[in-house]
Amino acid sequence: MHKLLKNILAVCLLLCAGMLELHAQYDKDVFYMRGRRALADGKYAQAIENFNILSQLDTTDHWTFFFRGIAKYNLGDLRGAKKDFDRSVRINPVFTSGYHYRGITESRFGNYDAALADLQHAIDLRPGEIGLYFSRGVTYFLSRQFENAVSDFDRYIRKEPKDPSAFLNRGASHLFLGDTLKALNDYNKAIKLDRFDPEGYVRRGRVYASLKDYDKAVADMDRAIELDTANTFAYFNRAIMHYEQQRYHEAMDDLNRVLKEEPGNALTLYNRGLISAQLGAYDEALNDLDRVLNINPENVLAYFNRASVFIEMGMYENALEDYDKAIELYPDFAKAYMNRSYVKNLMGDFKASKKDYDTAQQKVREYRERNRTDVGSFADTTKKYSALLSLDAEFAKKDFNDELLQHRDIDIRLRPLYKFTVTGVKDDTNYALEHKFENPLIARFKAGLPVGADVTNSEVQLSPEMAGKLEEAAWTGTGEPSAEQFFLRALNDYDAKQFNSSLDYYGKAIEAARQKGDFSRYYEAFYRMNRGVLRAEMIDFIASIQSNVQVLSMDDTGNTRARVKDQITRQYDYTDAIEDLKEASEILKDIPYVYYNLGNLYCLSAEHINSIDNYTKAIELYPYMGDAYFNR
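The sections below set out a description of the structure shown in this document. (Residues numbered from 1 in each chain as written. Predicted model: local features only at pLDDT ≥ 70, side-chain atom pairs only at ≥ 80, totals over all residues. Heavy atoms only, no water.)

Let's shift gears to the packing of helix α8 (residues 146-159) against helix α9 (residues 164-176). α9 packs onto α8 with a crossing angle of 155 degrees between their chain directions and a minimal axis gap of 9 Å. Taken together, α8 and α9 sit at an angle that is classed as roughly antiparallel. The handedness of the crossing between α8 and α9 is left-handed. On α9, the residues that touch Phe 146, Ala 149, Val 150, Phe 153, Asp 154, Tyr 156 and Ile 157 of α8 are Ala 166, Phe 167, Asn 169, Arg 170, Ser 173, His 174 and Phe 176. (Axes fitted to C-alpha atoms, helices over the stretch in contact; angles between N-to-C directions. Helix = DSSP H or I, 4+ residues; strand = E, 2+ residues; numbered from the N terminus. Parallel < 35°, antiparallel > 145°, perpendicular 65-115°, else oblique. Left-handed = near helix turned anticlockwise from the far one by under 90°. Contact = heavy atoms within 4.5 Å.)

Right, here's the structure in full:
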């Protein structure tokens, strides 16, 4: 009997162990499927949460780190993504996708040699994986190895002859190699494959314009606008084409349409200013050129052309100042010396006029002695510097900043979001004259923190000493961390640029606060406010990544797609950030910063009525909130 009981007990223990193992496997499968589903739905933070759990359950599964890397990449956490891809190939040294996506991430850092080495490694492992050649073609393009880019796109197209993106990319590569005929053929093929994509028509239209075939060029832009009536890039290009045909009013209409959508587009303002000047509308021209120089005070061509407008208006002192500035920025600008000589002559300063004239002639002689190899030189007096500029004009070449006239909304940018930030100042004395917003709960919350903090929308740079104190406060102690400690960890990781980890700790702080029974459960509103701001900032970080090539997007299908293009138009979804702030406003209805932040996010989401309503609510609660008036 005793032996029988022992056997039964042994069987039961084996069954229990098997059930536990099966249960653990089931849990892993659940988290895996949830993570994959969230990744497919674009819910990257949610995907990371699931893969974080999986990475703790099993540290040997390379797929877990790979998928988490994809989620981090799409949230803009490139360093975090690279670490995960590193981990995936360290676990599995023959993991092709790990090398593939790490290569793409390296290219985003501008580490093209490392990127190409990873892509070559991936190709060596799986030479039949055709998507690798597409990605390497884009990387070659980014590193300006256009012949290699063409070769890779050739190989990709042989296997995937119906992918319009490949033809668009190969066409752009041919353009950089100076072969407009091949570029035109590729754009024709792209249009044939997808007649409803405006991108192909815009590309082909620009090639026609470069060949002075403006009728075909305008027809292509018309078609692109017909397919996408909000395509400001098509309107901008059509404006240049109308201008070249001396259809100035049509050109102005198109530029006005661009500025209706993008009021701070400096390149468009510059071109509209030049047309206004040529039509004799000098006040309008000055207004546009003034705005350009407010956006970019180092735009030499704006100073040069504004001086010409001042001359037409008889404002010689102003013209002289602008030519001085143009020459200060680019001392070899022969034409600026020539024009300044003319102005000084009009003002009776004949000696200084002669000196400028001689300087201009010397610059021209130096230019000619170089056998005109420097085709972009400002010593070239034959060049017309009052012509309209397109996106690939002289200012984007040798002597100029690539962003000289790039779209920057500096003059209309919203004042930033408010959040709790570590300031390092613990003893904060406020005076009545400061009109600082006062709230007992905020004051109590700040007083309870072991480090100095405040609600602000200014950037605060922590000293190494203060950063150390924050880290110590965040991690000191034993047992389960409190909501406050999770909050401090979120602030600490945010300061270290570990945004996904910070997001995770805000979530834990919110959960911990919910379980509290006393008044501190109201602090959930503060944690939600900060998490909402972080979510919005992560979106803005992604939005700020601009280049002449579309940022490579990642998925888990083994292929990436990117189109080489001049301008990127994206819409961003602030829903999660807005939900956090709305929840915060439900918990505490008298915090103006929450409504102000909602106003900003609704504005960025183009929900302007909701935006104004929330700014108004913020002002009602805190009448001295200047940022709310400004943004409203």
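What follows picks up the thread again.
Here the focus is the environment of Met 338. Within the secondary structure, Met 338 sits in helix α19 (residues 334-346). The exposure class assigned to Met 338 is partly exposed, which follows from its relative accessible area of 23%. C-alpha of Met 338 to C-alpha of Gln 361: the two residues are 23 residues apart in sequence and 8.3 Å apart in space. (Buried < 20%, exposed > 50% of the residue type's maximum accessible area, 1.4 Å probe, protein only.)

Attention shifts here to a nonpolar patch on the surface. Residues Tyr 342, Leu 346 and Met 347 make up a contiguous nonpolar surface patch of roughly 280 Å² in combined accessible area. Topologically, Tyr 342 is positioned in helix α19. The partly exposed category is assigned to Tyr 342, whose relative accessible area is 46%. (Patch = residues over 30% accessible without salt bridge, like charges linked within 9 Å, V, L, I, M, F, W, Y side chains within 5 Å. Areas by Shrake-Rupley, 256 points an atom, 1.4 Å probe, with all protein chains shown as cover. Salt bridge = Lys/Arg side-chain N within 4 Å of Asp/Glu carboxyl O.)

By the definition in use, this model includes 37 salt bridges. For the salt bridge of Glu 199 with Arg 203, the shortest nitrogen-to-oxygen distance reads 2.7 Å. Of this pair, Glu 199 and Arg 203 both sit in helix α11 (residues 198-210), 4 residues apart, which is roughly one turn of that helix. There is no split in this pair, since Glu 199 and Arg 203 are both buried.

Looking at where Thr 139 falls in the secondary structure, it is placed in helix α7 (residues 131-142). Its relative accessible area of 0% is what places Thr 139 among the buried residues. What Thr 139 contacts, discounting residues up to four positions off in sequence, is Ser 107, Tyr 112, Ala 115, Leu 116 and Leu 119.

Turning our attention to the packing of helix α5 (residues 96-108) against α7. Running from N to C, α5 and α7 cross one another at 20 degrees; their axes reach a closest spacing of 10 Å. Considering the angle they form, α5 stands roughly parallel to α7. Judged by the twist between their axes, the crossing of α5 over α7 is left-handed. On α7, the residues that touch Thr 96, His 100, Ile 104 and Ser 107 of α5 are Gly 131, Leu 132, Ser 135, Thr 139 and Leu 142. Looking at the contact of α5 with α7 residue by residue, the class counts come to 3 nonpolar, 6 polar and no charged. (Nonpolar A, V, L, I, M, F, W, Y, C, P; charged D, E, K, R; others polar.)

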